[in-house]
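Residue-level listing of the chains:
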Amino acid sequence: MGACVEYEEQASLHAAGALEGEEATRFRSHLESCAACQAEVAAAQEVLGLVTLPPPTAIEARAQEGLGARTLAAWRREQTRRWMGRRALGSLAAVAAVVALMLGPSALERLKAPRAGTTAQVAGAASDDLDAETLAAFEAWAGLDPLDADALAASWDGDDDMMDGDFDDPGEAL
């Protein structure tokens, strides 16, 4: 037979020591006169006694003493590490932006620079940039016949047959 229906929940709470105030006083007065509720409280206390943890050992007590402080310190270290990582990443991004701003205009100029054109343009540019003696020394070193910009321009008839990529002899392209 179980506890009285209206006191069933209170019997379990009383056995666990969770009943307080006026409610505890009222249940204790009922408990003095009700054998069924007394038996229910005793059974609940027996079950709760089986699941109660033993008192902590000295090693466990020492480990628990500084647990809160150690946990907080570890959390703060982790937050600081993350903050430093974000700060380093932000600094790296700022440096990359400065480098891009500094090198950007020169890179754009290189992209906009004209590509190597016809042989006459290259020869003309080479003769403008180099003196005749240096150009002759380079041609002699490379084993080339001397280039004459006027002769190249006169020999070129404006026909781009040589530029279409259909060469019968690979030496023709040179």
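Here's a quick rundown of the structure. These numbers were taken from a predicted model, which means no experiment stands behind them.

### So, the overall build of the protein
Logical step 1: The secondary structure content of the protein amounts to eight helices and zero strands.
Logical step 2: When the helices and strands of the protein are read in sequence order from the N terminus, they spell out α-α-α-α-α-α-α-α.
Logical step 3: Looking at the protein as a whole, 11% of its 174 residues qualify as buried.
Logical step 4: Put simply, of all contacts in the protein between residues at least 6 apart along the chain, 48% involve residues at least 24 apart.
Logical step 5: Counting every atom, the protein has about 14300 Å² of accessible surface; 60% of that belongs to carbon and sulfur.

### As for the side chain of His-30
Logical step 1: Counting through the fold element by element, His-30 comes out in helix α2 (residues 21-33).
Logical step 2: Residue class for His-30 comes out buried when judged on its relative accessible area of 14%.
Logical step 3: Not counting residues within four places of it along the chain, the set of residues in contact with His-30 comprises Cys-4, Tyr-7 and Cys-37.

### What about the nonpolar core?
Considering soluble globular proteins, one finds that nonpolar side chains tend to be buried as a cluster.
Logical step 1: Residues Phe-27, Leu-31, Cys-37 and Val-41 are the most contacted members of the largest nonpolar core, which totals 13 residues.
Logical step 2: Elements supplying a minimum of two residues to this core: α1 (8-16), α2 and α3 (35-51).
Logical step 3: Here the element with the most residues in this core is α3; it accounts for four residues.
Logical step 4: Each residue touching Phe-27, except ones within four places of it in the same chain, is listed here: Tyr-7, Gln-10, Ala-11, His-14, Leu-19 and Val-41.

### Considerations on the pattern of salt bridges
Logical step 1: This structure, assessed with the given rule, holds two salt bridges.
Logical step 2: A salt bridge links Arg-81 to Glu-78, with the shortest nitrogen-to-oxygen separation between them at 2.5 Å. Of this pair, Arg-81 and Glu-78 both sit in helix α5 (residues 67-112), three residues apart, which is roughly one turn of the helix.
Logical step 3: Judged by its relative accessible area of 52%, Arg-81 falls in the exposed class.
Logical step 4: Accessibility expressed as a relative area gives 26% for Glu-78, which makes it partly exposed.
Logical step 5: Overlapping salt bridges, with partners in common, bring together Glu-78, Arg-81 and Arg-82 in one network.

### Observations regarding the packing of α1 against α3
The relative placement of two packed helices is expressed as an angle between their axes plus a distance between the axes.
Logical step 1: Their axes nearest at 8 Å, the elements α1 and α3 cross at an angle of 45°. As judged from the angle between their axes, α1 and α3 are oblique. Of the two elements, α1 crosses α3, and the hand of that crossing is right-handed. Residues Ala-11, His-14, Ala-15 and Ala-16 of α1 lie in contact with α3, whose contacting residues are Glu-40, Val-41, Ala-44, Gln-45 and Leu-48.

What counts and what doesn't
For every chain, the first residue of the written sequence is number 1, and numbering continues from 1 along that sequence. At least 70 in pLDDT is required for a residue's local features to be given in this predicted model, at least 80 for side-chain atom pairs to be given and counted, and no such filter applies to totals for whole chains, interfaces and linings, which use all residues. Side-chain measures here rest on the full set of heavy atoms in the structure, leaving out hydrogens and waters. Runs of H or I in DSSP of at least four residues are treated as helices and runs of E of at least two as strands, each being numbered from the N terminus. Residue burial is assigned from relative accessible area. The probe radius is 1.4 Å, only protein chains are included, and a residue is buried under 20% of its type maximum, exposed over 50%, and partly exposed in between. Only heavy atoms matter for contacts: two residues are in contact if any of them lie within 4.5 Å across the pair. Computed with the Shrake-Rupley method and a 1.4 Å probe, the accessible areas treat only the protein chains shown as cover for residues. Take the buried Ala, Val, Leu, Ile, Met, Phe, Trp, Tyr and Cys residues and link them wherever side-chain atoms come within 4.5 Å; each set so joined is a nonpolar core. Criterion for a salt bridge: a side-chain nitrogen of Lys or Arg within 4 Å of a carboxyl oxygen of Asp or Glu. Axis angles are defined between N-to-C directions and span 0 to 180 degrees, where every axis is a line fitted to C-alpha atoms and, for a helix, only to the segment in contact. Working rule for angles: under 35 degrees goes down as roughly parallel, over 145 as roughly antiparallel, 65 to 115 as roughly perpendicular, anything else as oblique. A clockwise turn of the near helix away from the far one marks a right-handed crossing, whereas an anticlockwise turn of less than a right angle marks a left-handed crossing.

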